[in-house]
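Residue strings, one per chain:
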Amino acid sequence: MQNKLMQLKKLIEQADHVVFFGGAGVSTESGIPDFRSADGLFNQDSGQTYQPEDIVSDWFLKEQPETFFNYYFEHLVYPEAVPNVTHLYLAELEAKGKDVTIITQNIDGLHQMAGSKNILELHGTTLKNTCLTCGRQYSLLDLKQDNKGIPRCPDDNGIVRPDVVLYGEMLDQSALIMSRTAIEKADLLLIAGTSLSVYPANSLIHYFNGDAVVLLNRTSIPYPAVFDLIIEDSLSSVFKELIATGRD
């Protein structure tokens, strides 16, 4: 394992353009559950007659907003979460002058909180919200909920929905295009905390033409031939070691 970590350190040091492509596993160590693991949200009892995938869909928001928002605020919003060592390492790498682009499938805003600047959010963020009637925007802290738990706009009483991509909705095309461009120009692609099972996000890696693709994940995923280096360990272990070796 130590040899692999030293190889990873060398790849990062030598790279001019680094892209970090992160999934739910990046934020689990901040106390935010993932979706598809054995203990993930989609394998838990939703407490409803509907499956979690149905509840977090565009049609469910329209037809049953009360149930949608009750589930959303209980399971998808974590205002007390703080960045973990992975977020902090990437922010520090950028602060030291490395060209780092973060492409995230997460909606928690922890990369921004850690201090990273160049972030592409494929699935949006819980930190931004928009009134469906007038288009006025609200931060998470500014939301005002009615007696059913539905966020409402004080100007027109319209429902204020999160700026996240729900099931049944298209990913933001500008974020996809910018992600593709970043991957095309990168010479190092770090893929972390994701099973690469969600389309079209998982198709982005095929645009990489650089020097090395690295997988950092607790468990193996179906495409080992794609990667030049695979480290199967917790992300906190990997990045704590990288930070420690950087101070030697």
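Residues numbered from 1 in each chain as written. Predicted model: local features only at pLDDT ≥ 70, side-chain atom pairs only at ≥ 80, totals over all residues. Heavy atoms only, no water.

## A few points about the pairing of strand 7 (residues 188–192)
The buried fraction of strand 7 is high, at five of five residues. Pairing of strand 1 (residues 17–22) with strand 7 involves five bridges; the strand directions are parallel. Following the sheet pairing, Gly-22 is matched in strand 7 by Ala-192. Strand direction decides the pairing type here: strand 7 and strand 8 (residues 212–217), joined by five bridges, are parallel. Each bridged residue has a counterpart across the sheet, and for Leu-190 the counterpart in strand 8 is Val-214. (Buried < 20%, exposed > 50% of the residue type's maximum accessible area, 1.4 Å probe, protein only. Helix = DSSP H or I, 4+ residues; strand = E, 2+ residues; numbered from the N terminus. Pairing = 2+ DSSP bridges.)

## Considering the packing of aromatic side chains
Under the criterion given, the structure shown has nine aromatic pairs. Summarising the aromatic geometry, the rings of Phe-69 and Tyr-72 are spaced 6.3 Å apart at their centres and angled 90° between planes, so their arrangement reads as edge-to-face. Residue Phe-69 and its partner Tyr-72 are located together in helix 4 (residues 65–75), separated by three residues, close to a single helical turn. Each member of the pair, Phe-69 as well as Tyr-72, carries the same accessibility label: buried. (Phe/Tyr/Trp six-rings, centres within 6.5 Å; stacked < 30°, edge-to-face > 60°.)

## Observations regarding the nonpolar core
In terms of nonpolar packing, the biggest core is built from 27 residues, with Leu-8, Leu-216 and Phe-239 touching the most fellow members. Secondary-structure elements contributing two or more residues to this core are helix 1 (2–14), strand 1, helix 5 (85–95), strand 2 (99–104), strand 7, strand 8, strand 9 (229–232) and helix 8 (235–246). The leading source of residues in this core is helix 8, at five residues. If we skip the residues at most four places from it in the chain, Phe-239 touches Phe-20, Val-85, Thr-86, Tyr-89 and Leu-216. (Core = buried A, V, L, I, M, F, W, Y, C linked by side-chain atoms within 4.5 Å. Contact = heavy atoms within 4.5 Å.)

## Some details on the sheet that holds strand 4 (residues 124–131)
The sheet built from three strands is open, its strands ordered 5-4-6 with antiparallel pairing. Because the sheet does not close on itself, it has two edges, and the strands there are strand 5 (137–139) and strand 6 (160–164). Across the sheet, the axes of successive neighbouring strands diverge by a mean angle of 40°, strand direction being ignored. Where strand 4 lies against strand 6, five bridges are found, and the strand directions are antiparallel. The residue bridging Cys-131 from the neighbouring strand is Val-160, located in strand 6. Running at roughly 50° to strand 6, helix 4 makes contact with strand 4 and strand 6 of the sheet. (Axes fitted to C-alpha atoms, helices over the stretch in contact; angles between N-to-C directions.)

## Description of the environment of Asp-163
Mapped onto the elements, Asp-163 comes out in strand 6. The spatial distance from the C-alpha of Asp-163 to the C-alpha of Gln-137 is 9.4 Å, given a sequence separation of 26 residues. When sequence neighbours within four positions are dropped, the list of residues in contact with Asp-163 reads His-123, Gly-124, Thr-125, Lys-128, Asn-129, Thr-130 and Gln-137. There is a polar contact of 2.9 Å between the side chain of Asp-163 and the side chain of Thr-130. (Polar contact = N/O pair within 3.5 Å; in protein donor to acceptor, adjacent residues only side chain to side chain.)

## Quick notes on the pattern of salt bridges
Applying the stated rule across the entire model yields seven salt bridges. One salt bridge connects Arg-218 with Glu-29, and the closest N-O pair in it is separated by 3.8 Å. Linking Arg-218 in the loop between strand 8 and strand 9 with Glu-29 in the loop between strand 1 and helix 2 (52–55), this pair joins segments that are 189 residues apart in sequence. In this structure Glu-29 comes out as partly exposed when scored by relative accessible area, which is 29%. One salt bridge connects Glu-92 with Lys-96, and the closest N-O pair in it is separated by 3.2 Å. (Salt bridge = Lys/Arg side-chain N within 4 Å of Asp/Glu carboxyl O.)

## Here we look at unusual backbone geometry
One non-glycine residue, Asn-157, lies in the positive phi region at around 65°. Inspection of the secondary structure assignment puts Asn-157 in the loop between strand 5 and strand 6. One non-glycine residue with positive phi stands out, namely Leu-196, at about 55°. A relative accessible area of 2% places Leu-196 in the buried class.

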